[in-house]
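Topology and contacts: notes
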Amino acid sequence: MTAKVIDGKEFAANVRAQVQVQVAKLREEHGIKPGLAVVLVGEDPASQVYVRNKHASTVEVGMASFEHRLPADTGEADLLALVESLNADPKVHGILVQLPLPAHLNSDLIINTIDPAKDVDGFHISNVGLLGTGQKSMVPCTPLGCLMMLRDHHGKLAGLNAVVVGRSNIVGKPMAQLLLGDSCTVTIAHSRTKDLQAVCRGADILVAAVGRPEMITGDFVKPGATVIDVGINRIERDGKAKLVGDVHYASAAAVAGAITPVPGGVGPMTIACLLANTLTACCRANGLPEPEGLTA
Ligand code: GUN
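Reading guide: rules and limits
- Residues numbered from 1 in each chain as written.
- Predicted model: local features only at pLDDT ≥ 70, side-chain atom pairs only at ≥ 80, totals over all residues.
- Heavy atoms only, no water.
- Helix = DSSP H or I, 4+ residues; strand = E, 2+ residues; numbered from the N terminus.
- Rg over C-alpha atoms; globule rule 2.2 N^0.38 Å.
- Buried < 20%, exposed > 50% of the residue type's maximum accessible area, 1.4 Å probe, protein only.
- Areas by Shrake-Rupley, 256 points an atom, 1.4 Å probe, with all protein chains shown as cover.
- Contact = heavy atoms within 4.5 Å.
- Near = heavy atom within 4 Å.
- Polar contact = N/O pair within 3.5 Å; in protein donor to acceptor, adjacent residues only side chain to side chain.
- Nonpolar A, V, L, I, M, F, W, Y, C, P; charged D, E, K, R; others polar.
- Salt bridge = Lys/Arg side-chain N within 4 Å of Asp/Glu carboxyl O.
- Axes fitted to C-alpha atoms, helices over the stretch in contact; angles between N-to-C directions.
- Parallel < 35°, antiparallel > 145°, perpendicular 65-115°, else oblique.
- Pairing = 2+ DSSP bridges.
- Left-handed = near helix turned anticlockwise from the far one by under 90°.

Right, let's talk about the overall build of the protein chain for a bit. When its secondary structure is counted, the protein chain shows ten helices and eleven strands. For a compact globule of 296 residues, the expected C-alpha radius of gyration is about 19 Å, and the protein chain comes in at 19 Å, within 12% of that figure. Taking the principal axes of its C-alpha atoms as reference, the protein chain extends roughly 50 × 45 × 35 Å. Here the protein chain holds 296 residues, and the buried ones make up 48% of them. For the protein chain, the computed accessible surface area is about 13,500 Å², with 53% contributed by carbon and sulfur atoms.

Written out as structure tokens, the structure reads:
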């Protein structure tokens, strides 16, 4: 079997186009412009690239983008004061504090200071609790993107065996909650799981989010399964820099029914879902109906 390639780039472009249409509608019918504030502390090169991409995508769909770049030695009190001012700013509907923060800053404290209604990352403890109890929340962008692609490919997910490899707060745990919300039978596997290969081979849906390059090979995949690769690992091969996922693509694609590539799979969906979440937050803040198909 050769797997169908799930094209995240095309899917994300479609999500952004839907957001753009809704943003134009909000402006024309209600005179409202959704706004996203991104806070970057320090000069981590990868974070700078992310923030630049977020800014460009936000402007492209017609939203307001507010960028706050602070020096690496910014004190906690100053950062908390900025978050509180963004909480109070009616032009800002979504707030994202780029992680990782410099080590002297308490990330949990800062994230939990964001107004949960503006927490477009879905990292605030209130949103984590709401998602875990099946209530309306802001949902982390990467797992939301994976869910959208899975729903599109499968239609209904109910009854399918889903295995999520990785237990991070940003991807693994919320991904498992979302799949449970769609009535999958969910297993969270991780580095200490016994016979990981056998566990993975039971999966109709296999989500790899471990951060280990090409760890999931074809012999971990049930024939016909859907494989979602969340990994983005920079490696060097034959003297060249290369981007690979947590899945060994060639061997997995030979067994799977469908698979996301790296690059061009889950990656582009994260920013698209950040824009979708900002739109959702803006609609909720204004008591308007939420955009269909762009939420969990
Ligand atoms: N750093 C890398 N990915 C993310 C993300 O999705 N959100 C935030 N806040 N920081 C990140």
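We are not done yet, so read on.
In this section: helix H7 (residues 172-181). Along an α-helix, residues three or four positions apart point the same way, because every turn accommodates 3.6 residues. Among the residues of H7, Gly172, Pro174, Met175, Ala176, Leu178 and Leu179 are the ones counted as buried. Buried residues along H7 sit in contact with helix H5 (125-132), helix H6 (141-154), strand E5 (161-165), strand E6 (185-189) and strand E7 (205-208). Where H7 terminates, the next one or two residues include Ser183, which has phi positive at roughly 65°.

On to the site of the ligand, then. In the vicinity of the ligand, the contacting residues are Leu96, Val97, Gln98, Leu99, Asp121 and Phe123. In this structure, Leu99 approaches the ligand through a main-chain N or O atom, which is 2.8 Å from a nitrogen atom. In this structure, a nitrogen atom belonging to the ligand sits 2.6 Å away from a side-chain N or O atom of Asp121. Out of a free accessible area of 280 Å², the ligand has 79% covered by protein chains. Class assignment of the residues belonging to the shell around the ligand gives a composition of four nonpolar, one polar and one charged.

Throughout the structure, instances matching the rule amount to seven salt bridges. The shortest N-O distance in the salt bridge between Arg151 and Asp182 comes to 2.8 Å. With a gap of 31 residues between them, Arg151 in helix H6 and Asp182 in the loop between H7 and E6 connect regions that are remote in the sequence. Connected via shared salt-bridge partners are Lys136, Arg284 and Glu290.

What follows is about the packing of H6 against helix H10 (residues 267-285). Taken N-terminus to C-terminus, the directions of H6 and H10 make an angle of 100°; their axes are 8 Å apart at the nearest point. Here H6 lies roughly perpendicular to H10, going by the angle between them. Residues Cys141, Thr142, Leu144, Gly145, Met148 and Met149 of H6 pack against Met269, Thr270, Cys273, Leu274 and Asn277 of H10. For the contact of H6 with H10, the class distribution of residues is seven nonpolar, four polar and no charged.

On the basis of which strands lie adjacent, the open sheet formed by three strands has the order E3-E2-E4 and parallel pairing. Every interior strand has two partners, whereas the edge strands, strand E3 (64-70) and strand E4 (94-97), have only one. Pairs of neighbouring strands in the sheet enclose a mean axial angle of 15°, with direction left out of account. Here helix H3 (residues 76-88) sits on the sheet and contacts strand E2 (35-41), E3 and E4; the angle it forms with E2, its principal contact strand, is near 175°.

To continue, consider unusual backbone geometry. A cis amide bond links Leu99 to the next residue, Pro100, at an omega of 0°. Relative to the helices and strands, Pro100 is located in the loop between E4 and helix H4 (107-111). For the bond running from Val262 to Pro263, omega is -5°, close enough to zero to count as cis. Relative to the helices and strands, Pro263 is located in the loop between strand E11 (258-259) and H10. Even without being a glycine, Ser183 presents a positive backbone phi close to 65°. Classification of Ser183 by relative accessible area gives partly exposed; the value is 45%. Unlike most non-glycine residues, Asp238 shows phi in positive territory, near 50°. The exposed category is assigned to Asp238, whose relative accessible area is 74%.

What follows concerns the packing of helix H1 (residues 8-30) against H10. Close contact between H1 and H10 brings their axes to 8 Å; oriented N to C, the two are set at 20°. As summarised for this structure, H1 and H10 are arranged roughly parallel, according to the angle between their axes. Our pair here, H1 against H10, has a crossing hand that is left-handed. On the side of H1, the interface is formed by Gly8, Lys9, Phe11, Ala12, Val15, Arg16, Val19, Gln22, Val23 and Leu26, while H10 contributes Pro268, Met269, Ala272, Leu275, Ala276, Leu279, Cys282 and Cys283. Looking at side-chain class alone, the contact of H1 with H10 contains 14 nonpolar, two polar and two charged residues.

One open sheet accounts for six strands, arranged E1-E11-E8-E7-E5-E6; its pairing is parallel. Edge positions in the sheet fall to strand E1 (4-5) and E6, since each has one partner strand and no second. In the packing of H6 onto the sheet, the strands contacted are E1, E7, strand E8 (226-229) and E11, and the crossing angle to E8 comes to about 160°. Most of the contacts of H7 go to E5, to which it runs at about 170°, and overall it touches E5, E6 and E7.

This is a description of form; function is not addressed.
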